[in-house]
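# Analysis of the macromolecular model
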Amino acid sequence: IDIFNNLSDLSRLLNRSINEYPDEIKKIMEPSIELTEKIREGIINPILLSIKRELNMIIGKMHNSPRFTTGSSGGGNGAYMRELKAKLNLVRQEILARLDASQLEPILIDLTVELLRSFIFHASLITPLLETVKLRMAGELAELEFEASQFLMLEPTGRQIGSSTLLVPPNSAGSTGFNVG
């Protein structure tokens, strides 16, 4: 991550200063700038892919929960939701906290969108969709929205990225489901 941060700084400095030089120097600098960007992407993309894969696997565990069967009457959230909270905290505090703040916003948004898409996809596969299951899923969706908004927080003091509304209710024109905002 430190190498990624250093390459981000280098890339930012090169891009900022390239306009100050004549065209001949720009032609010499452009391959270096492109190489720096490729190396940065080669460092961060496998980390992000691994995080996304782990989050998807945890969300996929909602199908293993006995509460979604017809005869279940257990209350509370599933073990997968507790595991998801722990993983989001780990990723945020141990990995993303070390990233350069200028590079953090697109990464956080990308991970949050993937998290919400995965949850909605897996929730849509649950059958039979009894009223109790609908209520539990609504509760878990609200909990996920809260966790996602906490995940999007840049720092503990409360500075956030973008808007604080992650899920926008559907409009009254007849659309179903939630729109990711």
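Residues numbered from 1 in each chain as written. Predicted model: local features only at pLDDT ≥ 70, side-chain atom pairs only at ≥ 80, totals over all residues. Heavy atoms only, no water.

## Considerations on the nonpolar core
Put simply, the test is: Put simply, buried Ala, Val, Leu, Ile, Met, Phe, Trp, Tyr and Cys residues joined by side-chain atoms within 4.5 Å make one nonpolar core. Buried means the residue's accessible area, taken with a 1.4 Å probe over protein chains only, is under 20% of the maximum for its type, while exposed means over 50%, and partly exposed covers the values in between. By the criteria applied, helices consist of DSSP H or I runs no shorter than four residues and strands consist of E runs no shorter than two, each listed in order from the N terminus. Any pair of residues with heavy atoms lying within 4.5 Å of one another is described as a contacting pair.
Counting residues in hydrophobic clusters, the biggest one holds 30 residues, and the most contacted among them are Leu84, Leu96, Leu115 and Phe119. Elements with a contribution of two residues or more to this core: α2 (23-60), α3 (79-95), α4 (101-124) and α5 (131-151). Here this core takes seven residues from α4, the largest share from any one element. The contact partners of Leu84, leaving out residues within four places of it in the chain, are Leu55, Ile58, Ile59, Leu115 and Leu144.

## Quick look at α2
Note the threshold: The span one expects for a helix is its residue count, reduced by one, times 1.5 Å. Throughout, bend refers to the angle between the axes fitted to the seven residues that end at a position and the seven residues that start at it.
The terminal C-alpha atoms of α2, which comprises 38 residues, lie 53 Å apart, in line with the 56 Å expected from a rise of 1.5 Å per residue. Along its length, α2 reaches its greatest deviation from straightness, about 30 degrees, at Met29, and the proline Pro31 lies no more than four positions downstream. Within α2, the full set of buried residues consists of Met29, Ile33, Thr36, Arg40, Ile44, Leu48, Ile51, Lys52, Leu55, Ile58, Ile59 and Gly60. Those residues of α2 hidden inside the fold are in contact with α1 (2-17), α3 and α4.

## Quick word on unusual backbone geometry
Cis geometry is adopted by the peptide bond preceding Pro128, which originates at Thr127 and carries an omega value of -10 degrees. With respect to the element layout, Pro128 can be found in the loop between α4 and α5.

## What to know about the packing of α1 against α2
Let me state the cut-off plainly: Axis definition: a line fitted to C-alpha atoms, over the contacting stretch in the case of helices. Angles run 0 to 180 degrees between N-to-C directions. Roughly parallel here means an angle under 35 degrees, roughly antiparallel means over 145, roughly perpendicular means 65 to 115, and every remaining angle is called oblique. Each crossing gets its handedness from the near helix: less than a right angle anticlockwise from the far helix is left-handed, clockwise is right-handed. Three classes are used, and their members are as follows: Ala, Val, Leu, Ile, Met, Phe, Trp, Tyr, Cys and Pro are nonpolar, Asp, Glu, Lys and Arg are charged, and the others, Gly among them, are polar.
It is the contact of α1 with α2, at a shortest axis distance of 9 Å, that shows an interaxial angle of 155 degrees. Relative to α2, the element α1 lies roughly antiparallel. Crossing handedness for the pair α1 and α2: left-handed. The residues of α2 that touch α1, namely those facing Ile3, Phe4, Leu7, Ser8, Leu10, Ser11, Leu14, Asn15 and Ser17, are Met29, Ile33, Thr36, Glu37, Ile39, Arg40, Ile43 and Ile44. Considered class by class, the residues forming the contact of α1 with α2 number 10 nonpolar, five polar and two charged.

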